[in-house]
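What follows is each chain in one-letter form.
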Amino acid sequence: MSKAFASQADLQDKKITFERLSEHCWAYTAEGDPNSGVIIGERAILVSDATATPAMARDLIRQIRTVSDKPIQYVLLTHYHAVRVLGASAFAAEGCTDIIASQGTYELIVERGAQDMKSEMERFPRLFRGAEEIPGLTWPTLVVAGGDPVRGEVPGRLTLDLGGVKVQIWSPGPGHTRGDTIAWVEAEKVLFSGDLVEYEAGVYTGDAQLEQWPATLEALRALGAEALVPGRGEAMKGSANVNKALDYTQRWVRTLFQAGREAVAAQMDLKAAMAHTRKSMDPVFGHVFIYEHCLPFDVSRAYDEASGIKHPRIWTAERDKEMWQALQG
């Protein structure tokens, strides 16, 4: 292979930043690695995205313990991807009683969680150091059901009172996956988006609903957030910067999907679609973290969805390597 597979060559540790965004909200960011969010109440703490491994989660816990000794009662899975959920077991010793996910995320864990776990461990060896501690798939104990707001349905909502701060949890619509879930602290205008929103980092769309994603981003924009913890990239402070991250993600998704549609319409094969997509993506996004990792998975999904495959095909470790050899080899 002319390029190291996925992120196998990315072995340098990233600088962790733990910063306060409002009275009760904190961001745990790592130079383009997956972020986590923390909401600290007088009674309990909620963590949004549990990290990839128990070892990584313990580092997040150490940061939390510098500012609060309250029980970390809730862990929110913004979606099912392994780098976001497999550290959840570390929170049991910190008082965690509820692991929260949407109905869509639960269904995706059932359908493809095991395959995703193996696939992502091979894609991200640095993030999965210490993977032998992972007890298995992370299963939610509290599932938030509900409809798709893009189709005019009323989504299920969960409101948690952590003591002095209330957190709303719901699915704003399909995008990064069909089960994406946010945490929204309305009183402080802080949004925890998971991978629905990224900034100055690759936007992974291998399991995405590309056609619907822009409308979901507009639903987030309508909240009027004044601070944002995106899935990757720095925490965004101020409404102008929140909108900048929303615009960045929307541009990526629209540019990618338009290229996929053009490739299918021209009856290109997947390798030709990759070259065609690079013409519009490389000049704008080619410099960002994990761009080369994301792009072949993204092109594959855009090509599939433009071809009429609405439900993303399951990625396996074997499919990963075959695709990579075809597109990046």
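The notes below deal with the structure included here. (Residues numbered from 1 in each chain as written. Predicted model: local features only at pLDDT ≥ 70, side-chain atom pairs only at ≥ 80, totals over all residues. Heavy atoms only, no water.)

Regarding helix α1 (residues 54-65)
Taking 1.5 Å of rise per residue, the 12 residues of α1 would be expected to cover 16 Å, and the 16 Å separating its terminal C-alpha atoms lies within 8% of that figure. Along α1, the positions that sit buried rather than exposed are Pro54, Ala57, Leu60, Ile61 and Ile64. Each buried residue of α1 lies within a common arc of 110° when the element is viewed along its axis, so the set occupies one face. Those residues of α1 that are buried lie in contact with β1 (17-20), β2 (25-30), β3 (33-40) and β4 (45-48). (Helix = DSSP H or I, 4+ residues; strand = E, 2+ residues; numbered from the N terminus. Expected span 1.5 Å × (residues − 1). Buried < 20%, exposed > 50% of the residue type's maximum accessible area, 1.4 Å probe, protein only. Arc of directions from axis to C-beta. Contact = heavy atoms within 4.5 Å.)

Observations concerning the sheet that holds strand β11 (residues 190-194)
If you trace the 6 strands from one edge of the open sheet to the other, you get β8-β9-β10-β11-β12-β13, paired in mixed fashion. The open sheet has two edge strands with one neighbour each: β8 (157-161) and β13 (236-237). With 4 bridges joining them, β11 and strand β12 (residues 227-230) adopt parallel strand pairing. Paired with Leu191 across the strands is Leu228, a residue of β12. (Pairing = 2+ DSSP bridges.)

Digging into the nonpolar core
By size, the foremost hydrophobic cluster in this structure holds 45 residues, and its most contacted members are Ile182, Leu191, Val197, Leu210, Trp213, Leu220 and Trp252. Going through the elements one at a time, β10 (182-185), α4 (213-221), α5 (239-265), α6 (270-285), α7 (291-306) and α8 (317-328) are the ones with two or more residues in this core. Of all the elements, α5 adds the most residues to this core, at 9 residues. Beyond its immediate stretch of four places on either side in the chain, Leu210 contacts Thr205, Val253, Leu256, Phe257, Arg301, Ala302 and Glu305. Ile45, Ile61, Leu77 and Ala101 belong to the second-largest nonpolar core, a separate cluster that totals 32 residues. (Core = buried A, V, L, I, M, F, W, Y, C linked by side-chain atoms within 4.5 Å.)

Regarding the packing of α6 against α8
Between α6 and α8, whose axes approach to 9 Å, the crossing angle comes to 60°. The angle between the axes of α6 and α8 places the two elements in the oblique class. Considering the relative orientation of α6 and α8, their crossing is right-handed. Facing α6, whose interface residues are Leu270, Lys271, Met274 and Arg278, α8 presents Ala326, Leu327 and Gln328. For the contact of α6 with α8, the class distribution of residues is 4 nonpolar, 1 polar and 2 charged. (Axes fitted to C-alpha atoms, helices over the stretch in contact; angles between N-to-C directions. Parallel < 35°, antiparallel > 145°, perpendicular 65-115°, else oblique. Left-handed = near helix turned anticlockwise from the far one by under 90°. Nonpolar A, V, L, I, M, F, W, Y, C, P; charged D, E, K, R; others polar.)

Structural notes on the pattern of salt bridges
Counting across every chain of the model gives 23 salt bridges. Asp33 is the partner of Arg126 in a salt bridge, and the nearest nitrogen-oxygen pair spans 2.7 Å. Remark: Asp33 occurs in strand β3 and Arg126 occurs in the loop between α3 (103-123) and β7 (142-144); sequence separation between them is 93 residues. Residue Arg126 shares its accessibility class with Asp33, and that shared class is buried. One salt bridge in this structure joins Arg65 and Glu94, with 3.0 Å as the shortest N-O distance. Residue Arg65 is located in helix α1, and its partner Glu94 is located in the loop between α2 (82-85) and β6 (98-102); the two are separated by 29 residues in the primary sequence. (Salt bridge = Lys/Arg side-chain N within 4 Å of Asp/Glu carboxyl O.)

With respect to empty space enclosed by the protein
Counted by the stated rule, this structure contains 5 cavities of 30 Å³ or more. Taken as a whole, the largest cavity holds about 130 Å³ of empty space. Counting only elements with at least two residues in the lining of the largest cavity, the list comes to α3 and α7. Looking at the lining of the largest cavity, the element that brings in the most residues is α3, giving 3 residues. When grouped by side-chain class, the residues that make up the lining of the largest cavity number 5 nonpolar, 4 polar and 6 charged. (1 Å grid on protein atoms, 1.4 Å probe; cavity = no way out; pocket = protein on both sides within 12 Å on 5 of 7 lines; lining within 4 Å. Points joined across faces, edges and corners; volume = space filled by probe spheres on them.)

Quick word on α4
For α4, the full list of buried residues reads Trp213, Pro214, Thr216, Leu217 and Leu220. In an axial view of α4, the angular spread of the buried residues amounts to 160°, which keeps them on one side of the axis. In this fold, the buried residues of α4 make contact with β10, β11 and α5.

Brief notes about unusual backbone geometry
If a residue is not glycine, its phi is most likely negative; likewise, a peptide bond is most likely trans. Phi at Asp49 takes a positive value of approximately 80°, unusual for a residue other than glycine. Its place among the elements puts Asp49 in the loop between β4 and α1. Its identity is not glycine, yet Thr51 carries a phi of approximately 75°, on the positive side. On the secondary structure map, Thr51 appears in the loop between β4 and α1.

Structural notes on the pairing of β12
Within a regular strand, side chains alternate between the sheet's two faces. Residues Ala227 and Val229 point to one face of β12 and Leu228 and Pro230 to the other, with burial holding for every one of them. Taking the sense of rotation as the criterion, the β-α-β connection linking β11, α4 and β12 turns out right-handed. The pairing of β12 with β13 spans 2 bridges and is classified as antiparallel. Residue Leu228 lies in a different strand from β13, and its bridge partner there is Met236. (Right-handed = clockwise from strand over helix to strand, strands pointing away.)

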